[in-house]
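# Structural overview for review
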Amino acid sequence: PQPSLPLRPALQPRAATASCSSIAEPPEAELPSAATTEALPPLFAQIEKSLEALTGNPQLLLEAVVGLNLPGGVATYDRDRVVGYFQRRPTLMVSRAYEFLRAFQRVRSAWEATDGSVDRGVVLRSELSALGPVAVKVGQTLSQRPDILPEDVCEALKGLQTSNEPFPNEEAYRVIAEDFGAKGPLAPGLPSPLQRHEGFDPDAPPLFAKLTADCIASASLGQVYRGTMHDGREIAVKVQRPGALRQCLLDGSVIIVALKAIQGRYWNGDLLAIFDLVASGIVQELDFRNEARNAAAFKRSLSFLGYVDVPVTLPELTTRRAMAMEWVHGRHLSDLAPEEAMRMTFMSCEAVTAGLVLTGIVHADPHE
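The rules behind these values
Residues numbered from 1 in each chain as written. Predicted model: local features only at pLDDT ≥ 70, side-chain atom pairs only at ≥ 80, totals over all residues. Heavy atoms only, no water. Helix = DSSP H or I, 4+ residues; strand = E, 2+ residues; numbered from the N terminus. Buried < 20%, exposed > 50% of the residue type's maximum accessible area, 1.4 Å probe, protein only. Pairing = 2+ DSSP bridges. Polar contact = N/O pair within 3.5 Å; in protein donor to acceptor, adjacent residues only side chain to side chain. Phe/Tyr/Trp six-rings, centres within 6.5 Å; stacked < 30°, edge-to-face > 60°. Salt bridge = Lys/Arg side-chain N within 4 Å of Asp/Glu carboxyl O. pLDDT = per-residue confidence, 0-100. Contact = heavy atoms within 4.5 Å. Core = buried A, V, L, I, M, F, W, Y, C linked by side-chain atoms within 4.5 Å. Patch = residues over 30% accessible without salt bridge, like charges linked within 9 Å, V, L, I, M, F, W, Y side chains within 5 Å. Areas by Shrake-Rupley, 256 points an atom, 1.4 Å probe, with all protein chains shown as cover.

It is worth spelling out the overall build of the chain at this point. When its secondary structure is counted, the chain shows 13 helices and eight strands. Out of the 368 residues belonging to the chain, those deemed buried represent 42%.

Quick look at the structure:
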């Protein structure tokens, strides 16, 4: 079987289509407007300082910036609030901007090499992977655009779709244990990251009957483990990269400042509006509960075709940072015989077109 990362459909309702009228998107959390936050900087600074002092963890404050501190809150994006958060931390923004600059210089050096000693596609892929989730998203998009980059570079960037540098398994196990409420071992033979914590019971039933010791796929925002439930169901367990929310928002702030500097001087298009759309999607994608809802809606919307399926998620094992869904046995497009690949391509095009012109619910990441 060819492991693949779970689908990440995004809801794009069309007001003119009746098929979307019954789909209700989750309400956005009510956040203070930019005008409100600008009017109260001393108060916000005091709250920020107090919260960081009490928790010792600025992550909680950053979650509040995107609305995750509210009961039932889901992540939402507000450019002014995100930039405001990091502008009060200029050292982070300057150091991150420098990392982007150094990466650009290394890629440019590889691009300008004329002796063939450097594979520019490999260098670009390595630099984007090292920069983190936002840069990887850019690379994944560019891998499908031979009209922008040479074909050899696009081929190299396709490795970013399923083969990113994984983060330590211990960190993933901790997220699984905390978010799924494991009181004992995660699976037979696997060490629990919470075994030294109060309340851990080594004799408690394992959370899973089986769970791979290493991830079987790693992508921009998370990595996937293969497991088996106690009732025999095979599942994929997707875990978000630690610090992904902070990294994405920090990178977004740096990019916004850069776009503000060049917009109107070197580019006449509304780059900030374009970036806001991309950033909003990434922030929503960082909340796996959104993915679970969207996957179910996407599956229902194309059920009339008869050949489109989406892995079923397990509600009891779905949180903001981790989710479990049924394991799907499949093969990559490149592994299919030509006739079979052509048939799959035809069905894929038909399904994408149906989403665009009939249902209004579109898969936002339809790469190979």
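On to the pairing of strand 5 (residues 234-240). The element strand 5 is extensively covered by neighbouring structure, given that six of its seven residues are classed as buried. As paired strands, strand 4 (residues 222-228) and strand 5 are joined by seven bridges and run antiparallel to one another. Bridging across to strand 5, Tyr225 finds its partner in Val237. Here strand 5 runs beside strand 7 (residues 322-326); their pairing, made up of five bridges, is antiparallel.

Note that Tyr225 resides in strand 4. A relative accessible area of 0% places Tyr225 in the buried class. Taking the C-alpha atoms as reference, Tyr225 lies 9.4 Å from Ala324; in sequence the two are 99 residues apart. One polar contact links Tyr225 to Asn169, side chain to side chain, over a distance of 2.7 Å.

A complete count under the given rule lists two aromatic pairs for this structure. With centroids separated by 5.9 Å and ring planes inclined at 45°, the aromatic side chains of Tyr173 and Tyr225 adopt a geometry described as tilted. Residue Tyr173 is found in helix 9 (residues 169-180), and its partner Tyr225 is found in strand 4; the two are separated by 52 residues along the sequence. Both rings, one in Phe180 and one in Phe208, keep their centres 6.5 Å apart while their planes meet at 80°; by these two values the pair is edge-to-face.

A few words on the pattern of salt bridges. All chains considered together, the criterion is met by 15 salt bridges. Residues Asp152 and Arg120 are paired through a salt bridge, measuring 3.6 Å at the closest nitrogen-oxygen approach. Of the two residues, Asp152 sits in helix 8 (residues 151-157) while Arg120 sits in helix 6 (residues 120-131), which places them 32 residues apart along the sequence. Given the relative accessible area of 42%, Asp152 is considered partly exposed.

Here the chain shows a mean pLDDT of 77. Residues at 70 or above account for 75%. The low-confidence segment residues 1-41, where pLDDT is below 50, has 80 contacts with residues more than four positions distant or belonging to other chains.

Our focus in this paragraph is the nonpolar core. Ile176, Phe208, Leu211, Tyr225, Val237 and Val239 are the most contacted members of the largest nonpolar core, which has 24 residues in total. For this core, the leading source of residues is helix 9, giving six residues. Beyond its immediate stretch of four places on either side in the chain, Ile176 contacts Gly181, Leu186, Leu207, Phe208, Leu211, Val237 and Val239. Formed by 22 residues, the second largest nonpolar core is a distinct cluster that contains Val83, Leu221, Leu271 and Leu272.

A separate point is the environment of Arg321. Summarising the element assignment, Arg321 is placed in the loop between strand 6 (313-318) and strand 7. For Arg321, a relative accessible area of 24% corresponds to the partly exposed category. Sequence separation of Arg321 and Leu286 is 35 residues, and the distance between their C-alpha atoms is 7.4 Å. Leaving out residues up to four positions away in the same chain, Arg321 has contacts with Val175, Glu178, Asp179, Lys238, Val239, Gln240 and Phe288. Only 2.5 Å separates the side chain of Arg321 from the side chain of Asp179, close enough to count as a polar contact.

Now for helix 7 (residues 133-142). Counting along an α-helix, one turn takes 3.6 residues, and residues three or four places apart therefore face a common direction. Counting buried positions along helix 7 gives seven out of 10 residues, so the element sits mostly inside the fold. Those residues of helix 7 that sit buried are Pro133, Val134, Ala135, Val136, Lys137, Gly139 and Gln140.

This brings us to the pairing of strand 6. In terms of strand pairing, strand 6 meets strand 7 through two bridges, oriented antiparallel. Considered in strand 7, the bridge of Thr313 is made with Met325. In textbook terms, the turn of a hairpin is the stretch between consecutive antiparallel strands, and for strand 6 and strand 7 this stretch comprises three residues.

Before going further, it helps to examine a nonpolar patch on the surface. Together, Phe304, Val352, Leu356, Val357 and Leu358 make up an exposed nonpolar region whose accessible area comes to about 460 Å². Assignment of secondary structure puts Phe304 in the loop between helix 12 (288-301) and strand 6.

All right, on to the side chain of Ser143 then. Position of Ser143 among the secondary structure elements: in the loop between helix 7 and helix 8. For Ser143, a relative accessible area of 2% puts it in the buried group. A polar atom in the side chain of Ser143 sits 2.6 Å from the backbone oxygen of Gln140.

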